[in-house]
Amino acid sequence: MIKKNLFIIFFTVIVIVLLLFSLVFRETNTAIVAQVEPMKKAVSYHKAVKIIEIYVIAGQTVNPGDILVKVERPDLLLDVEKKNNEIERLDLDRSLVESKYAAKKIQQTVEQEADLRKINSEIDQLKVIVANNKQLSDKFENLTGMVDTVKNHDASYYDIQLNVLVNEKDRNQKKYELEMRSAKQIYDEEMKTYEIVSGQLKKELEVLLLEEKELVKTAEITGTIGSVNAQNGELLSPYTTILSIYESNPTIIKAVMNEGYKYEIEVGKTVQVESTNRSYSIEGKILEVGARIIEYPSRLKSNQNIPMWGQELFIKIPENNKFLNGERVFVIIKK
């Protein structure tokens, strides 16, 4: 009787355990294995630099604005000086063109006024001669009673000369206006060219000054210093990583979907992200479905001797999460 009861109790316990396993692990059997992707920022320069001082050490926590490293670039100082000299030289050339244009305007105005005075003087003289001739002709008619036959013919020589001078005055005025207009067009084109070149040089100078400002690098995120790969006084070639910073709160989960399963996924869908070794989970959203099949990273393999392949999947989680960089997790697709 006792053996029979023990068998029933044992069988009942087995059934309960199996039910618990099926309830607890029913989701993780088909869950997508993943890891928290460490978000790393590298500090480097695109030109050769000399390290003046490194202000942090590996493992140190930094906040936005904290100074990381200070370097120097002798070539940058030379480039800034050369660019300032080019701008000053351009300003001098522009001032010279402005002075020449102003002098040309004055010269043309003086010449125009001199020509007009000369023509007006000649016109006035001819007008006096024409007026005197008319008076003499009128007196002759009154004294003799004879009509001056010259008056009844075409315009006299002096009248013709007067018309010639008036036309010359008009031509002179038009010539002056044309020369001034042409000089103004040339001046405007030169000024436009100077403006374009000046704008380009100033932009180049702004870039150099920005590079000069970035000789002191500060932290842009809250994070932890990873490796420090340089020392004070060291000369570094372009794009050499000086140090790296890891975000304190990783926000990207990189998962691999086993090619042997079919998952119902789409961008924007909500998923559950659970830690594999502690009681912690958080909701996330599918950020991107990868376009390639990759081999499982060794960190995600259950058996290192068996190769596994799957499709990449990227999950976005809130910043205020408690996951650690590189932590192994499960991504559970919600139905």
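Use the structure listed above.
Residues numbered from 1 in each chain as written. Predicted model: local features only at pLDDT ≥ 70, side-chain atom pairs only at ≥ 80, totals over all residues. Heavy atoms only, no water.

Caption draft 1: Broad picture of unusual backbone geometry. Located in the positive-phi region is Tyr 239, a residue other than glycine, with phi close to 65°. Inspection of the secondary structure assignment puts Tyr 239 in the loop between strand S8 (235-236) and strand S9 (243-247). Take Tyr 239: its relative accessible area is 60%, and that puts it in the exposed class. (Helix = DSSP H or I, 4+ residues; strand = E, 2+ residues; numbered from the N terminus. Buried < 20%, exposed > 50% of the residue type's maximum accessible area, 1.4 Å probe, protein only.)

Caption draft 2: Geometry of the side chain of Glu 327. By the secondary structure assignment, Glu 327 is in the loop between strand S13 (309-316) and strand S14 (328-333). Taking the relative accessible area as the measure of exposure, Glu 327 reaches 8% and is therefore buried. A polar contact is formed between the side chain of Glu 327 and the side chain of Ser 275, at a distance of 2.7 Å. In contact with Glu 327, not counting residues within four places along its chain, are Ala 34, Gln 35, Val 36, Ser 275, Asn 277, Arg 278, Arg 299 and Lys 322. (Polar contact = N/O pair within 3.5 Å; in protein donor to acceptor, adjacent residues only side chain to side chain. Contact = heavy atoms within 4.5 Å.)

Caption draft 3: Region of interest: the sheet that holds strand S4 (residues 61-62). One open sheet holds the four strands; their spatial order is S2-S9-S7-S4, and the pairing between them is antiparallel. The open sheet has two edge strands with one neighbour each: strand S2 (40-43) and S4. Sheet analysis places S2 next to S9, joined by four bridges and oriented antiparallel. Paired with Ala 42 across the strands is Ser 244, a residue of S9. (Pairing = 2+ DSSP bridges.)

Caption draft 4: Examining the sheet that holds strand S3 (residues 49-54) more closely. Strand order across the open sheet formed by four strands is S6-S5-S3-S8, with antiparallel pairing between neighbours. Of all strands in the sheet, those bounded by a partner on one side alone are strand S6 (216-218) and S8.

Caption draft 5: Just the nonpolar core, in detail. Within the largest apolar cluster, 32 residues are counted, with the highest numbers of intra-cluster contacts made by Leu 68, Val 69, Ile 242 and Leu 243. No other element matches the seven residues that helix H3 (residues 157-213) contributes to this core. With near-sequence residues (within four places) excluded, Leu 68 lies in contact with Val 43, Ile 54, Tyr 55, Val 56, Val 62, Lys 217, Thr 218, Ala 219, Ile 225, Leu 243 and Ile 245. Listed in part, the 19 residues of the second largest apolar core include Tyr 263, Val 273, Val 329 and Ile 333. (Core = buried A, V, L, I, M, F, W, Y, C linked by side-chain atoms within 4.5 Å.)

Caption draft 6: Just the packing of aromatic side chains, in detail. Following the criterion strictly, the structure yields three aromatic pairs and no others. With a centroid separation of 6.1 Å and an interplanar angle of 45°, the aromatic rings of Tyr 261 and Tyr 263 are classed as tilted. Tyr 261 sits in the partly exposed class, given a relative accessible area of 44%. On the accessibility criterion, Tyr 263 (17% relative accessible area) is buried. Taken together, a centroid distance of 5.0 Å and an interplanar angle of 70° make the contact between Tyr 280 and Phe 323 edge-to-face. In this pair, Tyr 280 is assigned in the loop between strand S11 (270-275) and strand S12 (281-295) and Phe 323 in the loop between S13 and S14, connecting sequence segments 43 residues apart. (Phe/Tyr/Trp six-rings, centres within 6.5 Å; stacked < 30°, edge-to-face > 60°.)

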